[in-house]
Amino acid sequence: MNTDEPRWLDDEEEQTWLAMVSMLVGLPAALDAQLQRDAGISHFEYQVLAGLSMSPEHTLRMSDLADFAEASLSRLSHTAKRLERKGWLTRSPDPADGRFTLATLTDAGWEKVTATAPGHVAEVRRLVIDPLTKAQAKQLREISRRVNDAIGHQRACPSVRTT
């Protein structure tokens, strides 16, 4: 037996993979389009603002926010600079450890995320939640957790529930 031979996908596995790839590409594009159209922000910018809005005192270390938003510190820093110019967040040294930078949602940022959230939730509901039965939604949650575990990936925002 040749152990170098890949374990090719069978027809059913290939169809599962292709359906998932299509969703992984199409869903972020659809969410981004809705947020751009209705709120003038990208899905990534919304994730940054939402991560801060769900955190105690609306503040996170940039490294934790990057983990939550699933981005590099470099990408987050560029985005934070744009959001700072719009008055939606501020950055400052962490008084507990000056090696870290804190991002804090401003009052204007809070207003932006709370004004944007209803339309975003409606789109998430339309695209992901409503087409599924409760049993399918539970299956999707469990499938997503298993894939995330296989990747070795968990969101880092301390206030985000995992149940």
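Draft legend 1. Local environment of a nonpolar patch on the surface. On the surface, a cluster of nonpolar side chains totalling about 310 Å² of accessible area is made up of L9, W17 and L18. Mapped onto the elements of the fold, L18 is located in helix 1 (residues 11–39). Residue L18 is classed as partly exposed on the basis of its relative accessible area of 44%.

Draft legend 2. Main features of helix 6 (residues 134–151). Here helix 6 is 18 residues long and its end C-alpha atoms lie 26 Å apart, about the 26 Å a rise of 1.5 Å per residue gives. One or two positions beyond helix 6, positive phi appears at G152, with a value near 80°.

Draft legend 3. Representation of the sheet that holds strand 1 (residues 59–61) in the model. An order of 1-3-2 is seen for the three strands of this open sheet, with the pairing classed as antiparallel. Of all strands in the sheet, those bounded by a partner on one side alone are strand 1 and strand 2 (89–93). Across the sheet, the mean angle separating the axes of adjacent strands is 25° when strand polarity is ignored. Across five bridges, the pairing between strand 2 and strand 3 (residues 101–105) is antiparallel. Bridged to L89 within strand 3 is L105. Across the sheet, helix 2 (residues 43–53) is in contact with strand 1, strand 2 and strand 3; its angle to strand 3 comes to roughly 90°. Docked against the sheet, helix 3 (residues 62–69) engages strand 1, strand 2 and strand 3, running at close to 95° with respect to strand 1.

Draft legend 4. Region of interest: unusual backbone geometry. Positive phi values are uncommon outside glycine, yet E57 reaches one of about 55°. Structurally, E57 can be placed in the loop between helix 2 and strand 1. Overall, the relative accessible area of 74% leaves E57 in the exposed class. Positive phi outside glycine occurs at E70, with the angle close to 55°. For E70, the location among the structural elements is in the loop between helix 3 and helix 4 (73–85).

Thresholds, definitions, all that
Residues numbered from 1 in each chain as written. Predicted model: local features only at pLDDT ≥ 70, side-chain atom pairs only at ≥ 80, totals over all residues. Heavy atoms only, no water. Patch = residues over 30% accessible without salt bridge, like charges linked within 9 Å, V, L, I, M, F, W, Y side chains within 5 Å. Areas by Shrake-Rupley, 256 points an atom, 1.4 Å probe, with all protein chains shown as cover. Salt bridge = Lys/Arg side-chain N within 4 Å of Asp/Glu carboxyl O. Helix = DSSP H or I, 4+ residues; strand = E, 2+ residues; numbered from the N terminus. Buried < 20%, exposed > 50% of the residue type's maximum accessible area, 1.4 Å probe, protein only. Expected span 1.5 Å × (residues − 1). Pairing = 2+ DSSP bridges. Axes fitted to C-alpha atoms, helices over the stretch in contact; angles between N-to-C directions. Contact = heavy atoms within 4.5 Å.

The values are spatial; any link to function lies outside them.
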